[in-house]
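In case you want the letters, here they are:
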Amino acid sequence: MLKPVTVLTPRSAPQPRDAAAVAEWMLDSKLEPPPQRQGTVARTQLLDKLDAAAPLPMSLLLAPPGFGKTTLLAQWRQRLHERGELGVGWLSLDEDDRDPGRLAAYLGIALARAGAEPVPALQSLIQHWQHCDPHAAASAIVQTLRASPRRLVLILDDYDRASGAASDTLLLRLAEHAGPRLHLLLASRQNPDLPLARLAAHGQLARFGAAELALDETETAAVLGRDASPQLAHVLRERTEGWAVALHLAALWAGGNIQRRQESDLSGFSGRSAQLAAYLAEQVVVRLAPELREFLLHTCVIERFNTALADHVRQRGDSATMLARLEDFHGLLVPLDGEHEWFRYHPLFAEYLQQQLERAEPGATRALRRRAAEGFMRIDALPEAVHHALEAGDIDAAAEFIAAAGTWQTLLRHGVARMRSLLERFEPALVGKHPALNLTQAYLHLRLGEFSHAQTLLAQFRDLPDAQRVPFERDYIVVVAWLRNLLDEICANPNGARQLSAQADALDETDKLGRGVLLNIAAAAALGRGDFDQAGQLGQKALQQLRADAPRGANHARLLLGKCAFQQGRLDDADAIYREALAQSENHGHDDALAATVRCLLARLQCERGHYAEAADLLDGALESVEQHDGWFDVLVAANETALTLARINDASGRSVLRVLERIDDTARRRRLARLSDLASAWRLHLMLDQADPATIGGLVANTGAEAAFAHARTRAQHWRQVVTLGFALARWHFLSGRASAALPLLRAVEADCTARGDELNLARSHARIALCLQQRGEIEAALPPLRSALDFVARTRAWQAIVDLGLPAKAMLRLARQHDPELGSGTTRAMTVQTLLEKLQGDDDNVDEIFSAREREVLAQLARGHSNKQIARNLHLSENTVKFHLKNLYKKLDADSRDMALTNAAQLGVIKP
């Protein structure tokens with residue numbers, strides 16, 4: 001069924017109340033089956049088969065159009081409602097629902113109608129579906145299903161109209177992860193791109209096709225009515241092979257006098273061919289008054305319409321009268337709501353009418369579609385307007401619609417998936433030559449992480465004639481600046497941030513979006529050079545510009561401010577800023593790419609505070625998203641630092657760390673991020689120190705030129721992260737080799753740079769390492785001041801990782817300091833900090849409630865039920881790697897090396913029942 005999602009209005013702008021009511025009507029039409037004709041034949045045997053398949057995760061109802069799929073499903077829905085054993089939801093789909101965000105939102109609403117209570121993430125997705133990926137949508141829906149008090153059935157009618165890679169992926173995840181709580185029934189004209197053979201082989205899929213749906217002779221006679229003779233029913237059954245719509249059209253064709261028709265009159269029937277529908281429709285249409293035929297022909301090009309849109313397309317004012325006269329035109333002109341305000345044509349009938357229109361009025365289709373495009377553009381329905389303009393062959397008008405809507409800004413309003421599908425309809429050569437299409441496509445490439453394609457288009461833009469190029473210069477400046485930011489090119493320029501700020505100031509004062517985006521990029525450039533004060537000031541200015549009208553841009557500003565606060569040691573402020581950004585993302589247009597960015601930054605903060613399980617949960621899926629799309633450099637660094645820390649904790653062999661490093665190398669190579677590649681080299685040095693005798697890698701360090709690289713990095717402000725990471729790695733190498741004296745100058749250099757930048761986080765880390773080196777040299781008294789500084793920072797911020805990251809040497813250092821430092825006396829804040837650190841380093845804690853996180857308890861409960869890692873991952877909606885991470889922690893805390901021992905020890909502690 002075609003169900004509109006765009007509110008159509010008369011020529012004058014409607015009152016918001018009217019628009020909301022129309023939207024509600026259209027939504028209801030998607031969530032309820034269409035009204036059934038009186039005397040519809042009950043398909044009892046088929047209904048019983050559907051009942052038998054209900055315990056499976058999925059059923060597929062596959063048949064050509066008109067075989068009664070919708071009628072059958074409506075009957076089954078009614079049966080389930082009357083029984084009350086299962087919750088049942090309905091969703092009629094159309095081509096617009098190929099957008100995964102839109103589809104996921106409708107699924108959530110349908111499940112709510114079926115009795116499920118949407119979790120907050122799904123509630124947000126329903127309200128703000130424009131920026132969504134199938135992974136996040138499936139997660140929210142599965143969580144909702146897990147909380148449902150009973151098993152649910154969800155019927156998706158006309159799934160072939162919404163089927164696509166993203167839709168198929170979403171439904172497959174639901175079938176695989178929510179099977180025990182959900183039965184999906186897909187009605188389709190075409191096989192969806194799902195692993196049907198595998199699902200069927202594993203007993204997870206039931207299939208029903210045209211053979212099962214075909215009406216038998218008894219049912220055919222019931223459709224035709226008691227006036228039809230058994231012989232006529234038999235002939236019609238043979239000729240139509242039980243095609244329900246053909247039988248219904250035959251009754252219309254007969255004008256209610258089916259008993260007068262002889263078998264010879266049916267010789268024109270041709271089974272399931274499209275000619276049958278066209279022939280029968282023609283016999284119906286020919287009997288209509290000329291003005292009604294004209295109405296049908298002039299509105300058949302519109303997928304959905306009301307009287308106002310029909311009037312505009314027809315350039316008449318009598319569409320309401322025409323629709324009233326067609327009220328009994330059952331099965332062909334389909335009302336989309338109970339009030340009969342919105343309509344669509346049966347697809348086969350629409351195709352027939354369009355063919356007749358071209359024959360009767362050659363060229364009229366183009367003019368009708370042009371007016372439809374104008375009507376949709378009046379209500380800011382850009383995708384529909386572009387669709388009709390392109391169908392009319394008016395490419396220039398379609399491009400001008402995109403230009404009027406703001407080129408790259410259209411992606412912020414309509415989402416990546418919708419705009420991508422629209423832009424794919426233009427010839428690639430034309431996209432490069434038209435300035436608005438060029439910039440829109442270039443920005444789309446940025447969002448998808450396809451940077452080389454964006455560069456090619458922008459080079460073409462620069463070659464356009466001035467008359468074409470100049471009106472879009474502002475958009476070009478913004479897109480180029482964003483590209484250079486993602487390619488990490490701006491921060492190498494000492495004046496890059498100031499130049500961008502000046503460009504922002506040069507824009508019109510009313511252009512808050514353009515000014516705010518450029519200020520965001522300037523702030524990112526300042527952050528890239530370690531100038532946290534400048535980055536914070538620019539971020540605040542960007543937030544002021546974007547707060548009211550551009551929630552996505554405002555959230556980017558918040559993330560920059562949060563990152564500055566994190567480096568400056570204000571971890572509580574950073575946490576609050578990140579969580580506000582996450583909430584704003586859900587309240588003002590859910591954007592999964594942006595949500596993934598927030599999760600990466602939050603994971604880094606949680607990891608710094610020693611909350612490794614929470615960090616792993618946040619990072620799960622988010623890292624892949626920022627790597628594949630438009631994640632900026634600082635986010636990639638934060639996410640990969642967290643991934644490396646978790647890998648080191650989870651896998652002492654180093655294999656997991658190596659895999660993370662290989663992925664970082666791949667990202668750096670693909671994105672051409674030289675700074676990320678340099679950081680990966682420093683991280684790899686840490687891995688070598690974890691796995692090998694420091695003495696054996698001395699030659700390798702010398703060959704890589706790590707010490708020269710460290711000295712060079714100190715001369716380049718944009719390499720401040722490499723100074724810290726490589727400096728710590730080289731100092732650790734010297735320390736482990738017994739050369740604490742050689743490590744100290746490196747650490748002092750890092751200390752000086754951090755002090756100059758105001759990088760309190762890394763300053764505390766350098767102080768802990770300086771204290772460790774001084775202690776190794778026997779300079780206990782000299783080690784106490786830097787250690788106290790590090791302890792004070794940890795006490796203030798709860799950033800335990802700053803010292804815990806040192807491992808066992810830190811334990812010895814803290815115990816020795818407690819013996820020699822009178823300021824670490826019992827009851828002081830420092831003393832309590834030292835005690836907490838010692839407990840974290842040795843993993844001892846008598847309080848069971850504090851030993852195990854909430855997620856670890858969930859995993860332990862699943863373990864006690866005998867589930868495999870894969871089953872646990874599916875039940876808790878985690879990746880298998882995340883489950884392994886939690887199991888590793890559980891084994892360590894329970895002093896176990898097997899599942900049985902872990903369960904035995906957990907039972908002894910009272911964590912689970914024996």
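Scoring rules and cut-offs
What you see as residue numbers is a count from 1 along each chain, following the sequence as written. Local features in a predicted model are, by the rule used here, given only for residues with pLDDT of at least 70; side-chain atom pairs are given and counted only at 80 or more, and totals for whole chains, interfaces and linings are based on all residues. The side-chain figures draw on all heavy atoms in the structure; neither hydrogens nor water molecules are used. Numbering of helices and strands starts at the N terminus; helices are DSSP runs of H or I of at least 4 residues and strands are runs of E of at least 2. For this analysis, a polar contact is any N or O atom pair within 3.5 Å, provided that within protein one partner can donate a hydrogen and the other can accept it, and provided that sequence-adjacent residues contribute only side-chain to side-chain pairs. Any two residues having at least one pair of non-hydrogen atoms within 4.5 Å are treated as being in contact. Per-residue accessibility, obtained with a 1.4 Å probe over protein chains only, is compared with the maximum for each type, and a residue is labelled buried under 20%, exposed over 50%, and partly exposed between these values. The pairing criterion is simple: DSSP has to find at least two bridges between the two strands. Aromatic contacts are taken between Phe, Tyr and Trp rings whose centres are within 6.5 Å, Trp giving its six-membered ring; a plane angle under 30 degrees counts as stacked, one over 60 as edge-to-face, and the others as tilted. Two thresholds decide whether a charge sits over a ring: the Lys NZ or Arg CZ must be within 6 Å of the ring centre and within 35 degrees of the ring normal. Expected helix span is computed as 1.5 Å times (number of residues minus one). Given a residue, its bend is the angle between the two axes fitted to the seven residues that end at it and to the seven that start from it. Counted as salt bridges are all cases of a side-chain nitrogen of Lys or Arg within 4 Å of a carboxyl oxygen of Asp or Glu. Lines are fitted to the C-alpha atoms to define the axes, a helix being fitted only along its stretch in contact, and any angle between axes, read from their N-to-C directions, falls within 0 to 180 degrees. Angles below 35 degrees are treated as roughly parallel, those above 145 as roughly antiparallel, those between 65 and 115 as roughly perpendicular, and all remaining angles as oblique. Each helix crossing is assigned a hand: it is left-handed if the near helix lies turned anticlockwise from the far helix by less than a right angle, otherwise right-handed if that turn is clockwise.

Engineer: Account for the side chain of Gln718, naming residues and giving values.
Structural biologist: With respect to the helices and strands, Gln718 occurs in the loop between α40 (706-713) and α41 (720-736). At 3.4 Å, the side chain of Gln718 forms a polar contact with the side chain of Arg529. Not counting the four nearest positions on each side in its chain, Gln718 is found in contact with Cys491, Ala492, Gly528, Arg529 and Arg675.

Engineer: I'd like a description of the environment of Leu194, backed by residues and values.
Structural biologist: Relative to the helices and strands, Leu194 is located in the loop between β4 (182-188) and α8 (196-201). Judged by relative accessible area, which is 10%, Leu194 ranks as buried. Linking Leu194 and Thr169, residues 25 residues apart in sequence, is a C-alpha distance of 8.0 Å. In this view, Leu194 contacts Met58, Asp168, Leu172 and Leu186; residues no more than four positions away in its chain are not counted.

Engineer: Can you tell me about the pairing of strand β1 (residues 58-62), naming the residues and giving the values?
Structural biologist: Note on strand geometry: in a regular strand, side chains alternate between the two faces of the sheet. Most of β1 is tucked away, with four of its five residues classed as buried. Where β1 meets β4, five bridges bridge the pair, whose relative direction is parallel. Opposite Met58, over in β4, you have Leu184 as the bridge partner. Strand direction decides the pairing type here: β1 and strand β5 (residues 205-208), joined by four bridges, are parallel. Directly across from Ser59, in β5, lies its bridge partner Ala206.

Engineer: If you had to explain the environment of Leu894 to someone new, which residues and values would you point to?
Structural biologist: Within the secondary structure layout, Leu894 lies in the loop between α51 (880-893) and α52 (899-909). Residue Leu894 is classed as buried on the basis of its relative accessible area of 3%.

Engineer: If you had to explain the packing of aromatic side chains to someone new, which residues and values would you point to?
Structural biologist: According to the stated counting rule, one finds six aromatic pairs in the structure shown. Centroid distance Phe305 to Tyr345: 5.7 Å. Interplanar angle 40 degrees. Geometry classified as tilted. Of this pair, Phe305 sits in the loop between α14 (290-299) and α15 (307-314) while Tyr345 sits in strand β7 (residues 343-345), placing them 40 residues apart in sequence. What makes Tyr345 buried here is its relative accessible area of 3%. Here a set of aromatic residues connected by ring pairs shows up, and it is made of Phe295, Phe305, Phe343 and Tyr345. When the ring centre of Phe633 is taken as reference, the NZ or CZ atom of Arg675 above it lies at 3.9 Å. Seen from the ring of Phe728, Arg769 lies directly overhead, with NZ or CZ sitting 4.2 Å from the centre.

Engineer: Pulling in residues and values, what's your account of helix α44 (residues 780-797)?
Structural biologist: End to end, α44 covers 26 Å across 18 residues, agreeing with the expected 26 Å (1.5 Å per residue, within 8%). At Pro786, α44 shows its largest bend, some 25 degrees. The inward-facing, buried residues of α44 contact α32 (571-587), α43 (760-776), α45 (801-804), α46 (808-820) and α47 (829-842). In the stretch just after α44, Arg798 is the one whose phi turns positive, near 60 degrees.

Engineer: Outline the pattern of salt bridges, supporting the account with residue identities and numerical values.
Structural biologist: Counted under the stated rule, the structure contains 50 salt bridges. The partner of Arg161 in a salt bridge is Glu95, with the nearest N and O atoms 3.2 Å apart. Placement of the pair is Arg161 in the loop between β3 (152-157) and α7 (165-177) and Glu95 in the loop between β2 (87-92) and α4 (100-113), with a sequence separation of 66 residues. Judged by its relative accessible area of 10%, Arg161 falls in the buried class. Across the pair Arg777 and Glu779 runs a salt bridge whose closest N-O atoms are separated by 3.1 Å. We classify Arg777 as partly exposed; its relative accessible area is 41%. Salt bridges sharing common partners tie together Arg604, Glu608, Glu641, Arg648, Asp690, Arg732, Arg765, Arg769 and Asp805.

Engineer: Please give an account of the environment of Arg798 that cites residues and values.
Structural biologist: Relative to the helices and strands, Arg798 resides in the loop between α44 and α45. For Arg798, a relative accessible area of 36% translates into the label partly exposed. Residues Arg798 and Gln606 lie 192 residues apart in sequence; the distance between their C-alpha atoms is 10.0 Å. Contacts of Arg798, omitting those with residues within four sequence positions, involve Asp572, Glu608, Arg609 and Phe793. In terms of polar contacts, Arg798 uses its side chain to reach the side chain of Asp572, at 3.0 Å.

Engineer: With reference to specific residues and values, describe the packing of helix α28 (residues 496-506) against helix α30 (residues 532-546).
Structural biologist: At their nearest, the axes of α28 and α30 sit 12 Å apart, and the two run at 15 degrees to each other. Overall, the two elements α28 and α30 adopt an arrangement that is roughly parallel. Handedness of the α28/α30 crossing: left-handed. Within the contact between the two elements, α28 uses Ala497, Arg498, Ser501 and Asp505 and α30 uses Gln534, Leu538 and Lys541.

Engineer: Give me the lowdown on the sheet that holds β1, citing residues and values where you can.
Structural biologist: In a beta sheet, neighbouring strands pair by backbone hydrogen bonds and run either parallel or antiparallel. With parallel pairing, the five strands of this open sheet are ordered in space as β2-β3-β4-β1-β5. Either end of the sheet is taken by a strand with one partner, and the two such strands are β2 and β5. Each neighbouring strand pair of the sheet contributes to a mean axis angle of 15 degrees, computed without reference to strand direction. Direction of pairing for β3 relative to β4: parallel, over a ladder of five bridges.

Engineer: Provide a residue-level description of the pairing of β3, including the pertinent values.
Structural biologist: Most of β3 is tucked away: six of the six residues are buried. Both faces of β3 are covered, namely the face carrying Leu152, Leu154 and Leu156 and the face carrying Val153, Ile155 and Asp157. Note that β2 and β3 share six bridges and pair parallel. Each bridged residue has a counterpart across the sheet, and for Leu91 the counterpart in β3 is Leu156.

That's the geometry; what it means functionally is another story.
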